[in-house]
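So you can see what is in the structure, the chains are spelled out below.
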Amino acid sequence: MAQLFYKHGAMNSGKSIEILKVAHNYEEQNKPVLIFSPGIDTRDEVGYISSRIGLKRKATAIYDDTNLYELVKEQTPKPYCVLIDEVQFLKKEHVLQLTQIVDELNIPVMGFGLKNDFQNEMFEGSRYMLIYADKIEEMKTICWFCHKKAIMNLRVDGNGKPIYTGEQIQIGGNDSYYPVCRKCHANPPL
């Protein structure tokens with residue numbers, strides 16, 4: 001029976017490398033997959049998933065008006081799995097479409113992304129993945145500054161100074177965000 005999986009973690013927890021690994025494992029057995037990435041993610045190129053260790057792969061870009069259910073439904077051959085990177089950037093409607101893919105098409109869906117933003121508020125996509133996912137898994141990494149588990153993302157400016165205000169979405173990698181524990185988020189040792 002297909003299920004909706006949500007794998008979340010702080011920055012640098014290996015979410016993108018995990019999605020690439022899952023895709024490889026299916027395809028090695030000649031089982032096609034569909035991979036999606038939000039069009040808002042421009043770190044590398046729109047429509048690509050890339051990991052910090054250098055692996056990169058083409059993906060279908062998701063925009064506000066994209067109907068994921070219809071895209072998957074019209075695929076021939078039918079995919080064995082649907083994989084979505086940066087699921088936090090999805091809208092509620094997208095997450096509901098993912099539930100349709102699972103429930104009506106009987107195709108497992110795995111979404112990977114952040115749970116909370118730099119101000120520790122939920123992203124829309126994350127909120128609805130937590131509500132609707134059949135299985136939820138935390139992907140772990142360590143704090144940028146200490147040995148504790150990172151559960152938050154600290155936004156920093158070009159000089160590495162913390163930023164606690166601003167727009168929820170600012171695309172960036174290690175130049176803009178550090179994975180941190182709660183203590184180091186509140187008082188980073190910079």
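Structure's up top.
What you see as residue numbers is a count from 1 along each chain, following the sequence as written. Local features in this predicted model are restricted to residues of pLDDT 70 or higher, and side-chain atom pairs are both shown and tallied only at a pLDDT of 80 or more, whereas totals for entire chains, interfaces and linings draw on every residue. Only hydrogens and water are set aside when side-chain values are computed; all heavy atoms of the structure are taken into account.

**Q** Help me out: how do you make sense of the nonpolar core in this one?
**A** One recurring pattern in soluble globular proteins is that nonpolar side chains are buried together. As used here, the term nonpolar core means buried Ala, Val, Leu, Ile, Met, Phe, Trp, Tyr and Cys residues forming a set that is joined through side-chain atoms within 4.5 Å. For every residue, the accessible area obtained with a 1.4 Å probe (protein chains only) is divided by the maximum for its type, and the residue is called buried under 20%, exposed over 50%, and partly exposed between those limits. Counting residues in hydrophobic clusters, the biggest one holds 23 residues, and the most contacted among them are Phe36, Val72, Val82, Ile84, Leu98, Ile101 and Val109. For this core, the secondary-structure elements that each account for two or more residues are strand 1 (4-8), strand 2 (33-38), helix 2 (68-73), strand 6 (81-84), helix 3 (92-105) and helix 4 (124-132). In terms of residues, this core owes the most to one element, helix 3, which gives five residues. Leave out the neighbours within four places in its chain, and Phe36 touches Ile49, Ala59, Thr60, Ile62, Leu68, Leu71, Val72, Val82, Leu83, Ile84 and Asp85. Counting residues in hydrophobic clusters, the runner-up holds 13 residues, among them Ile19, Ala23, Leu83 and Phe112. Per the convention used, a helix needs a DSSP run of H or I reaching at least four residues, while a strand needs a run of E reaching at least two, with both numbered from the N terminus. Residues count as neighbours in contact if any of their non-hydrogen atoms are within 4.5 Å of one another.

**Q** How do you make sense of the environment of Ser37 when you look at a structure like this?
**A** Inspection of the secondary structure puts Ser37 in strand 2. Residues Ser37 and Glu137, 100 residues apart in the sequence, show an inter-C-alpha distance of 19 Å.

**Q** What's the story with the sheet that holds strand 2 in this structure? I'm lost.
**A** Consider a sheet: its strands pair through backbone hydrogen bonds, and that pairing is either parallel or antiparallel. The strand order across the open sheet formed by six strands is 5-2-6-7-1-8, and the pairing between neighbours is parallel. At either end of the open sheet lies a strand with only one pairing partner, and these are strand 5 (60-62) and strand 8 (135-138). Here the average twist between neighbouring strands, direction ignored, is 20°. Judged from the three bridges that link them, strand 2 and strand 5 form a sheet pairing that is parallel. Within strand 5, the residue paired with Ser37 across the bridge is Ala61. By this definition, two strands are paired if DSSP reports at least two bridges between them. For helices, the fitted axis covers only the stretch in contact; all axes are lines through C-alpha atoms, and the angles between them, taken along N-to-C directions, range from 0 to 180 degrees.

**Q** I would appreciate a short explanation of helix 1 (residues 15-28) in the present structure.
**A** Each α-helix turn comprises 3.6 residues. Residues three or four places apart therefore point the same way. How far a helix is expected to stretch is found by multiplying one less than its residue total by 1.5 Å. With 14 residues, helix 1 ought to run about 20 Å at 1.5 Å a step, and its terminal C-alpha atoms sit 20 Å apart, in line with that. Within the span of helix 1, buried status applies to Lys15, Ser16, Glu18, Ile19, Leu20, Val22 and Ala23. At its buried positions, helix 1 is contacted by strand 1, strand 2, strand 3 (48-50), strand 4 (56-58), strand 6 and strand 7 (109-113). Remark: Asn30 follows helix 1 within two positions and exhibits a positive phi of approximately 60°.

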